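Geometric and topological summary
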Amino acid sequence: LEALRRGLLVYNFRSGSHNPLALETFSRTLEGLGWTLEWCDLNALETWRNLHEFERIIVSGGDGTVSAVVRWVRHSGIPLMIFPGGTGNLVFQNLRLPRHPVELAELCHRGYWETFDWVELTAGEIKSGFLLMAGAGFDADLIRESESLKASLGVMGYLLAALKQHSPQESE
């Protein structure tokens, strides 16, 4: 028999498209494959000190949640699996991971991984990082405006936020 394998599942149930049934299917599938999962709310992430107890870290949330977890584990060498739970899930989509929770759990179990870049920017005392893209000006305003709209409108919140940016600034 294969020894029990341990995973840390970091969740953010405040993210856009949280689907409890799909996440439950994912976690039960992993448990059926011999995994034991410890669940951790994103807000309690900093309390976990010994990451090396885990073979995988699974993050359930949107792109902001994924970025926060990647920043936290970036030097650990522990593979990270993304379970889509946000509004846009751009990181998940760009990795072309399967959407079905059973297929995703099986992929996690087999140890599929890809490497990607984490970029950090420092401006004065502020340090920030990103995975896919960074924006300023119009793009930053659009994302900031969409935050309050995504809960009720989903992906359409991005469109409405873009339409509200009626007088974008020109740069020379």
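Sequence order sets the numbering: in each chain, residues are counted from 1 along the sequence as written. Given that the model is predicted, a residue must reach a pLDDT of at least 70 before its local features are reported, and side-chain atom pairs must reach 80 or more before they are shown or counted; all residues, however, enter totals for whole chains, interfaces and linings. Neither water nor hydrogens contribute to the side-chain values; these are computed over all heavy atoms in the structure.

1. Considering the packing of aromatic side chains
- Between the rings of Phe, Tyr and Trp (Trp by its six-membered ring), a pair exists once the centres lie within 6.5 Å; its type follows the angle of the planes, with under 30 degrees stacked, over 60 edge-to-face, and the other angles tilted. The full count for this structure, using the stated rule, is 3 aromatic pairs.
- Aromatic side chains Tyr 11 and Trp 39 sit 6.0 Å apart centroid to centroid with 55 degrees between the ring planes, which places their arrangement in the tilted category. Remark: Trp 39 occurs in strand 2 (residues 35-41) and Tyr 11 occurs in strand 1 (residues 5-11); sequence separation between them is 28 residues.
- For the pair Phe 26 and Phe 83, a centre-to-centre distance of 5.1 Å together with 55 degrees between the ring planes defines the contact as tilted. With Phe 26 in helix 1 (residues 20-32) and Phe 83 in strand 4 (residues 80-84), this residue pair connects regions lying 57 residues apart in the sequence. Summarising the burial analysis for this pair, Phe 26 and Phe 83 share the class buried.
- Each member of the aromatic cluster is reached from another via a ring pair, and the members are Tyr 11, Phe 13 and Trp 39. Working definition: helices are DSSP H or I runs of at least four residues, strands are E runs of at least two. Numbering for both runs from the N terminus. Buried, partly exposed and exposed residues are distinguished by accessible area as a fraction of the type maximum, computed with a 1.4 Å probe on protein chains only: under 20%, between the cut-offs, and over 50%, respectively.

2. A word on unusual backbone geometry
- Notably, Arg 96 is not glycine yet its phi reads approximately 55 degrees, a positive angle.
- With respect to the element layout, Arg 96 can be found in the loop between helix 3 (90-94) and helix 4 (101-110).
- Classification of Arg 96 as exposed rests on a relative accessible area of 76%.

3. Re helix 1
- With 13 residues, helix 1 should reach 18 Å at 1.5 Å per residue; the first-to-last C-alpha distance of 18 Å fits that figure.
- When helix 1 is considered as a whole, its buried residues turn out to be Ala 22, Leu 23, Phe 26, Ser 27, Thr 29 and Leu 30. Angularly, the buried residues of helix 1 cover 155 degrees about the axis, an arc narrow enough to put them on a single face. Across from the buried face of helix 1, at angles greater than 90 degrees, the exposed residues are Pro 20, Leu 21, Arg 28 and Gly 32.
- In this structure Asn 19 caps helix 1, since a side-chain oxygen of it lies 3.2 Å from the backbone nitrogen of Leu 21.
- Gly 34 sits one or two positions beyond helix 1 and adopts a positive phi of about 100 degrees. Take the residue count of a helix, subtract one, and multiply by 1.5 Å to get its expected span. In this context, the arc is that of the directions from the helix axis out to the C-beta atoms. Pairs of N or O atoms are called polar contacts if they sit within 3.5 Å, as long as, within protein, a hydrogen donor faces a hydrogen acceptor (for residues adjacent in sequence, only side-chain-to-side-chain pairs).

4. Quick notes on the pattern of salt bridges
- We define a salt bridge as a side-chain nitrogen of Lys or Arg found within 4 Å of a carboxyl oxygen belonging to Asp or Glu. Enumeration over the complete set of coordinates arrives at 8 salt bridges.
- Its salt-bridge partner being Arg 5, residue Glu 55 comes within 3.0 Å of it at the nearest N-O pair. Here Arg 5 lies in strand 1 and Glu 55 lies in the loop between strand 2 and strand 3 (56-61), a separation of 50 residues in the sequence.
- Residue Glu 55 is classed as partly exposed on the basis of its relative accessible area, which comes to 33%.
- The buried category is assigned to Arg 5, whose relative accessible area is 15%.
- Among the ionic pairs, Arg 28 bridges to Glu 24, the shortest N-O distance being 2.6 Å.

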